[in-house]
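Structural characterization, general
Okay, here's what each chain looks like letter by letter:
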Amino acid sequence: MSRLSQRITPAPAAPDTAPEIASQRIAIARPYMPATAAILPYLESIEQSGWYSNFGPVNQALEARLATRFKDGTRIVTVSNATLGLTACLKALKLPQGSLCALPSWTFVATAHAVTAAGLTPWFVDVREDTWMLDPETFAAQLKHAPGPVSAVIPVCAFGQRLDLDAWTAYDRNSPIRVVIDAAAAYDTATTADIPVVVSLHATKALGAGEGGFVAGPRDFVERVRSITAFGFYGTRESLRLGTNAKISEYTAAVAMAAMDNWTATRQTYQRVAQRLRILLMNAPVAFQDGWGLDWITSVCVAHVGDGRSAEVAEALAAQGIDTRMWWGMGCHTSRAFAEFPRTPLPVTERLAASTLGLPYFAAMGDEDIIRLATVLGHYLR
Ligand SMILES: *Cc1c(COP(=O)(O)O)cnc(C)c1O
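This structure is a prediction, so every number in the text was calculated from the model and none was measured.

**Some points on the site of the ligand**
- Around the ligand there are 13 residues in total, and A82, T83, D182, S200 and K205 lie nearest to it.
- A distance of 2.8 Å separates an oxygen atom of the ligand from a polar backbone atom of A82.
- Taking S200, its side chain carries an N or O atom lying 2.7 Å from an oxygen atom of the ligand.
- Considering the ligand on its own, with 390 Å² of exposed area, one finds that the protein chains cover 91% of that surface.

**Overview of the pairing of strand β4 (residues 150–153)**
- With 3 bridges joining them, strand β2 (residues 100–104) and β4 adopt parallel strand pairing. From the neighbouring strand, A102 faces β4, where its bridge partner is V153.
- Strand direction decides the pairing type here: β4 and strand β5 (residues 178–179), joined by 2 bridges, are parallel. Bridge pairing in β5 links A152 to R178.
- With helix α8 (residues 165–174) bridging β4 and the parallel β5, this β-α-β connection has right-handed handedness.

**Brief notes about the pattern of salt bridges**
- Under the definition given, this model contains 15 salt bridges.
- A salt bridge links D135 to R128, with the shortest nitrogen-to-oxygen separation between them at 2.9 Å.
- Here R173 ties to D172 by a salt bridge, and the two come within 3.6 Å at their closest N and O atoms.
- Assessed through its relative accessible area of 10%, D172 is described here as buried.
- In this structure, a network of salt bridges that share partners links the residues E63, R75, E223 and R226.

Calculation rules
Residues numbered from 1 in each chain as written. Predicted model: local features only at pLDDT ≥ 70, side-chain atom pairs only at ≥ 80, totals over all residues. Heavy atoms only, no water. Near = heavy atom within 4 Å. Polar contact = N/O pair within 3.5 Å; in protein donor to acceptor, adjacent residues only side chain to side chain. Areas by Shrake-Rupley, 256 points an atom, 1.4 Å probe, with all protein chains shown as cover. Pairing = 2+ DSSP bridges. Helix = DSSP H or I, 4+ residues; strand = E, 2+ residues; numbered from the N terminus. Right-handed = clockwise from strand over helix to strand, strands pointing away. Salt bridge = Lys/Arg side-chain N within 4 Å of Asp/Glu carboxyl O. Buried < 20%, exposed > 50% of the residue type's maximum accessible area, 1.4 Å probe, protein only.

Below is the structure:
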């Protein structure tokens with residue numbers, strides 16, 4: 001340990017350079033947002049149109065542009081965040097109030113909040129060990145032990161990982177249980193939507209607009225969601241159904257358009273950092289998500305750092321000025337807010353929580369930081 005700290009601890013600083021020491025901490029994440037100059041033309045177009053919200057021209061352009069990422073016939077509606085997008089989807093499905101909505105406990109708490117906000121009861125289920133996600137077979141096996149009628153299931157794209165959407169679409173078609181995909185972190189991989197798919201445009205996600213998101217899906221369904229996000233209005237000022245306000249303003253749409261203009265470069269930048277990390281950690285016992293930073297990108301790096309070792313590794317990195325994050329805590333079911341909700345045994349979720357760790361990763365991560373992270377982590381784990 002002392003040899004290690006000698007090698008990576010910065011040289012003792014003179015008292016007047018103290019702030020530099022602080023800046024040498026490696027942050028866990030940094031939003032990668034479009035430059036103001038890139039947003040400006042869209043802001044000017046808003047000023048010219050005088051249309052500031054309510055599905056204005058910039059939002060219309062954004063929805064049309066997002067739709068081009070999906071196959072013909074897929075509709076998009078923007079939403080103020082993915083949490084409300086998930087709730088709106090569940091409401092649009094008109095599920096029996098109080099019925100169970102299954103979700104993996106290996107997710108961000110937003111998924112469970114979306115379920116309760118739709119008047120449903122979260123039922124926490126376990127994920128597959130290899131993909132960290134729920135698939136129809138794993139779900140069907142757990143469904144036999146459901147504590148009541150299950151009306152819906154929300155598979156989650158783990159940290160943006162590609163989910164087998166065809167398998168879930170088939171499940172949706174062939175079972176009485178409706179499927180909504182939480183693809184909040186999966187802007188890059190969510191490109192089919194025969195069933196509802198919800199993506200976040202939060203600043204911390206791959207394509208950031210600040211706050212925001214969108215729902216992709218079949219036309220009629222998405223138009224129902226649109227009505228729910230706009231007071232139940234649809235073409236008239238009469239509330240046709242119960243709804244809320246989950247629209248985005250034209251300003252948010254402007255930032256999202258600028259972010260999309262820059263998407264190819266953003267993607268390449270994330271890939272470059274991921275590939276550097278992969279190469280530098282090639283001989284260390286660190287396992288990244290399958291295809292992470294290669295065939296798909298996301299804004300976080302979550303790695304398997306050894307069975308039961310996440311807390312210990314986090315502490316060792318913290319001592320060297322490197323921030324880490326257990327992005328999903330010990331699993332969503334362990335949050336106090338969800339204590340009373342039913343769950344199956346969750347051994348895989350518990351193992352993942354104890355063995356994986358969010359490592360510093362951001363598009364603007366310099367080579368110095370990448371090398372330092374890899375050196376400290378590699379030495380500690382070997
Ligand atoms: C970020 C995230 C959400 C919430 O998205 P918001 O747009 O912030 O509401 C939901 N689910 C998962 C899995 C997420 O990563």
